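If you want the building blocks of each chain, they are given just below.
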Amino acid sequence: MKKHAGAEKKRVKRSLGSASSTTRDSGSDAPPRQGVKKDVFQLFAEKVRDNKGLESRWAVMEEARVEYFRGKDFVSFMKNHPECKEILEEDKDLDAEDIANVLLGKNLLVRCDRVTKTLRPGKKKLSTWPAHLEIFRDDQGFSETDAFFAWTFEKRHPLWQTLLSFFWPVLTLAICLFPVYPHRCKLIVLYSCAGILLMILSLLFVRAVAFGAMWILLGKRVWFFPNILAEEATLKELFRFWPKKDEEEPPKWTSRLFYTVVAVVVVMLLRRHAPDEAARARYQRRMSNIIDDVLEWSPKLALSGLMENQPPVNITEAANNSSDAAGPGHTEEAELDETQAEEEAEDSGPTRI
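Being a predicted model, the structure only gives us computed values, none of them experimental. (Residues numbered from 1 in each chain as written. Predicted model: local features only at pLDDT ≥ 70, side-chain atom pairs only at ≥ 80, totals over all residues. Heavy atoms only, no water.)

Novice: Account for the overall build of the protein chain, with residues named and values stated.
Specialist: Assigned secondary structure in the protein chain consists of 12 helices and 5 strands. Across the 353 residues of the protein chain, 22% fall into the buried class. Carbon and sulfur atoms provide 61% of the accessible area of the protein chain, an area that totals close to 26,200 Å². (Helix = DSSP H or I, 4+ residues; strand = E, 2+ residues; numbered from the N terminus. Buried < 20%, exposed > 50% of the residue type's maximum accessible area, 1.4 Å probe, protein only. Areas by Shrake-Rupley, 256 points an atom, 1.4 Å probe, with all protein chains shown as cover.)

Listed below in structure tokens is the structure:
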């Protein structure tokens, strides 16, 4: 079974590589005078994938992220957008199932299936858009009922992604150079980052409080911003405000009562052991000192501090080393000279004042 799965995985990887290589070769191996015509089904697949009318999601399949859609959505998309068939030229009269089978045969698509096929406890039906997929090894033909199909070719990156790839190194360098910013720029960056962090934490806290209150009082599982912590969500789905429909069974009243008591006990403990005003002031002073050290640091102060902190040259130790090298007689003379020099310095001190 493992050998079969490994062979199938290698076959799909080869198909992915062949699909991308044919796309590259079609543009790179063109003769100078006679242009090689690109596959119309490749152009059709790219056009359909870029169209927002076909609903799709991202998932993990064979340790790789893929974009996939459902078979019934593809059929409805072809009915609502017949103009997409014009690019197929003489094959534009084919129906949606035949077009999908051609795409499967050209390794532009691969049929996949959900990894988890059993209901989780408390669920009434399987997930509409599973986050983990596997290759459907029984049949690679098109099906409209409960079938998923993933694109196998690499999608062209839009312009904003290309610009963003050049922007990230600049942002990284700017973060590394934060200590040498002017004081005003440091304040702007500090308060901006602190404000964004406070907004995120406040959003998560209010979201959790709303969920807990509705779960205890009404027995409903309501998550505002349901995809805010999702890993595989797009930017549009990430900030979707309205929660999903609750498909799980309502909780028992004993569970709601138990967590109500736990919440009340936690709130009472927090109020009882909350820090007093003196402790809060000490913590605030400590944090203010840390922030001031970061904001007031500058290369000039750092260099001057290094110069000031350098240990002074000890002339006495140098004289001792030289006298040791000269002999014991010179050592006694050097110590006598040092004692006389110290006495003269003490006598001359008050007269100078």
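There's more to say after this.
Novice: Please set out a positive patch on the surface residue by residue, giving values where relevant.
Specialist: On the surface, Lys72, Lys124, Lys125, Lys220 and Lys245 cluster together to form a positively charged patch. By relative accessible area, Lys72 is classed as partly exposed at 44%. (Patch = residues over 30% accessible without salt bridge, like charges linked within 9 Å, V, L, I, M, F, W, Y side chains within 5 Å. Salt bridge = Lys/Arg side-chain N within 4 Å of Asp/Glu carboxyl O. Lys, Arg positive; Asp, Glu negative; His and termini not counted. Charge placed at Lys NZ, Arg CZ, Asp CG, Glu CD.)

Novice: Requested: an account of the pattern of salt bridges, with residues and values cited.
Specialist: Per the counting criterion, the structure on display carries 10 salt bridges. When the shortest N-O distance is used, the salt bridge between Glu67 and Arg49 registers 2.9 Å. Of the two residues, Glu67 sits in strand β2 (residues 64-70) while Arg49 sits in helix α2 (residues 40-50), which places them 18 residues apart along the sequence. Among the residues examined, Glu67 registers a relative accessible area of 7% and is labelled buried. Given a relative accessible area of 9%, Arg49 falls into the buried group. In this structure, Asp113 engages Lys117 in a salt bridge whose closest nitrogen and oxygen atoms are separated by 3.9 Å. With relative accessibility at 14%, the residue Asp113 sits in the buried group. Its relative accessible area of 44% is what places Lys117 among the partly exposed residues. Several salt bridges share partner residues, and in doing so they unite Asp113, Lys117 and Glu134 into one network.

Novice: Tell me about the pairing of strand β1 (residues 57-61), residues and numbers included.
Specialist: Pairing geometry for β1 and β2, over 5 bridges, is antiparallel. Bridge pairing in β2 links Val60 to Arg65. Between the antiparallel neighbours β1 and β2 lie 2 residues, among them Glu62 with a positive phi of about 55°. Across 2 bridges, the pairing between β1 and strand β4 (residues 132-135) is parallel. (Pairing = 2+ DSSP bridges.)

Novice: Account for the packing of aromatic side chains, naming residues and giving values.
Specialist: Within this structure, the stated rule accounts for 13 aromatic pairs. Here Phe69 and Trp151 contribute two aromatic rings whose centre-to-centre distance is 5.2 Å and whose plane-to-plane angle is 45°, an arrangement assigned as tilted. Within this pair, whereas Phe69 is found in strand β2, its partner Trp151 is found in strand β5 (residues 148-151), the two being separated by 82 residues in sequence. Residues Phe69 and Trp151 agree in their burial class; the two are buried. The positively charged end of Arg57 is found above the aromatic ring belonging to Trp129, 4.7 Å away from the centroid. Between the NZ or CZ atom of Arg111 and the centre of the ring of Phe136, over which it lies, the distance is 4.2 Å. (Phe/Tyr/Trp six-rings, centres within 6.5 Å; stacked < 30°, edge-to-face > 60°. Lys NZ or Arg CZ within 6 Å of the ring centre and 35° of its normal.)

Novice: Outline the sheet that holds β2, supporting the account with residue identities and numerical values.
Specialist: Within the closed barrel, the 5 strands sit side by side as β1-β2-β5-β3-β4. Their pairing is mixed. Within this sheet the neighbouring strands show an average axis-to-axis angle of 55°, counted without direction. When β2 meets β5, the two strands line up antiparallel, connected through 3 bridges. When the sheet's bridge partners are listed, Phe69 is paired in β5 with Phe149. (Axes fitted to C-alpha atoms, helices over the stretch in contact; angles between N-to-C directions.)

Novice: Describe the pairing of β4, and please don't skip the residues or the numbers.
Specialist: Taking every second residue as pointing to the same face, the buried face of β4 carries Leu133 and Ile135, while none of His132 and Glu134 on the other face is buried. With 3 bridges connecting them, strand β3 (residues 109-114) and β4 associate as antiparallel partners. Looking at the pairing, Cys112 lines up with Ile135 of β4.

Novice: Outline the packing of helix α6 (residues 183-217) against helix α9 (residues 277-295), supporting the account with residue identities and numerical values.
Specialist: Packing of α6 against α9 leaves a shortest axis separation of 10 Å and a crossing angle of 135°. Here α9 runs oblique to α6, going by the angle between their axes. Between α6 and α9, the residues in contact are His183, Lys186, Leu187 and Leu190 and Ile291, Val294 and Leu295, respectively. Residue composition of the contact of α6 with α9, grouped by class: 5 nonpolar, 1 polar and 1 charged. (Parallel < 35°, antiparallel > 145°, perpendicular 65-115°, else oblique. Contact = heavy atoms within 4.5 Å. Nonpolar A, V, L, I, M, F, W, Y, C, P; charged D, E, K, R; others polar.)

Novice: Describe the nonpolar core, and please don't skip the residues or the numbers.
Specialist: Counting 25 residues, the largest nonpolar core has Phe44, Phe74, Leu103 and Trp151 as the members making the most contacts within it. If you list the elements that add at least two residues to this core, you get α2, α3 (71-80), α4 (96-105) and β5. Counting residues in each nonpolar core, the second largest holds 11 residues, with Met61, Trp129, Ile135 and Ala150 among its members. (Core = buried A, V, L, I, M, F, W, Y, C linked by side-chain atoms within 4.5 Å.)

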